[in-house]
Amino acid sequence: MMTWYQILSFFFTNGLRIFLGMYLVITLQQLAGNRKKASVISVCATTFITVLSCFPIQQFYLTGIEMIFVILIAYYLYAAQLRVSLFLIFFYEATVALWEFILSAGLGVIFHSDRFLNVQSYEYMAAVWIVRLFMLGIAFLAMRSHKRNKALSSQIIAGIAIAGLLGAILLSGQNAIPISDVQLTTCVTHYRTKRNYLL
């Protein structure tokens, strides 16, 4: 059973992921809508997903529910294009999940501990928060660029994808902690696809 601070951590990390995902979908499509209502629904979605996280439900299903919430908010409150929104949120969620895996596995290698790969452990929570801080930093840069009427360079996004690919390759050559071939193959395939699309 999760402790109260684990639940709080899940709530805030889930909330940040949803809000930043919404920002990505809305900003890239240059949409305008009811931000107040979208924020309220996003908080409700965060609460619902956090409650589900307390039960033995696979992360795959939680991510799917999160994607549905974001797409519905963007579609009904911002009149977003359904296919474009689905594409954007899919790659966003996959990239966030894979970066969480890369960073947690990397920290596990550095500290020679497989606890960083355990979703319920404090070590994994620390890795997730580091990823969220990076996400906030990127969002901050994007907002500054938007205020200056400058698009966030695609080279920055491509650089993130390439860095992820290199991280996956480096992890494949380590033997400090056990990492399944399926996880590494999925990681490398995703970043190759994203790199090819961006470049």
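Residues numbered from 1 in each chain as written. Predicted model: local features only at pLDDT ≥ 70, side-chain atom pairs only at ≥ 80, totals over all residues. Heavy atoms only, no water.

J.: Report on a nonpolar patch on the surface, specifying residues and quantitative values.
T.: Together, Trp4, Tyr5, Leu8, Phe12, Tyr122 and Trp129 make up a nonpolar patch on the protein surface, roughly 660 Å² of accessible area in all. At the level of secondary structure, the elements contributing two or more residues to the nonpolar patch comprise α1 (4–28) and α5 (122–147). No other element matches the four residues that α1 contributes to the nonpolar patch. With respect to the helices and strands, Tyr122 occurs in helix α5. (Patch = residues over 30% accessible without salt bridge, like charges linked within 9 Å, V, L, I, M, F, W, Y side chains within 5 Å. Areas by Shrake-Rupley, 256 points an atom, 1.4 Å probe, with all protein chains shown as cover. Salt bridge = Lys/Arg side-chain N within 4 Å of Asp/Glu carboxyl O. Helix = DSSP H or I, 4+ residues; strand = E, 2+ residues; numbered from the N terminus.)

J.: Can you explain the packing of α1 against helix α4 (residues 82–111)? Please cite residues and give values.
T.: It is at 10 Å that the axes of α1 and α4 come closest, and there the two elements cross at 140 degrees. In terms of axis orientation, α1 runs oblique to α4. Considering only the axes of α1 and α4, their crossing is right-handed. The residues of α4 that touch α1, namely those facing Leu16, Arg17, Leu20, Gly21, Leu24, Val25 and Leu28, are Ser85, Leu88, Ile89, Tyr92, Glu93, Val96 and Glu100. (Axes fitted to C-alpha atoms, helices over the stretch in contact; angles between N-to-C directions. Parallel < 35°, antiparallel > 145°, perpendicular 65-115°, else oblique. Left-handed = near helix turned anticlockwise from the far one by under 90°. Contact = heavy atoms within 4.5 Å.)

J.: Can you explain the side chain of Ser113? Please cite residues and give values.
T.: With respect to the helices, strands and loops of the structure, Ser113 is situated in the loop between α4 and α5. Among the residues examined, Ser113 registers a relative accessible area of 19% and is labelled buried. Within the local environment of Ser113, its side chain forms a polar contact with the backbone nitrogen of Arg115, the two atoms lying 3.2 Å apart. (Buried < 20%, exposed > 50% of the residue type's maximum accessible area, 1.4 Å probe, protein only. Polar contact = N/O pair within 3.5 Å; in protein donor to acceptor, adjacent residues only side chain to side chain.)

J.: Outline the confidence of the model for the chain, listing residues and values.
T.: Mean pLDDT over the chain: 80, with 76% of residues reaching 70 or higher. When the elements of the chain are averaged for pLDDT, helix α7 (residues 181–198) gives the smallest value, 54, and helix α2 (residues 35–53) the largest, 92. (pLDDT = per-residue confidence, 0-100.)

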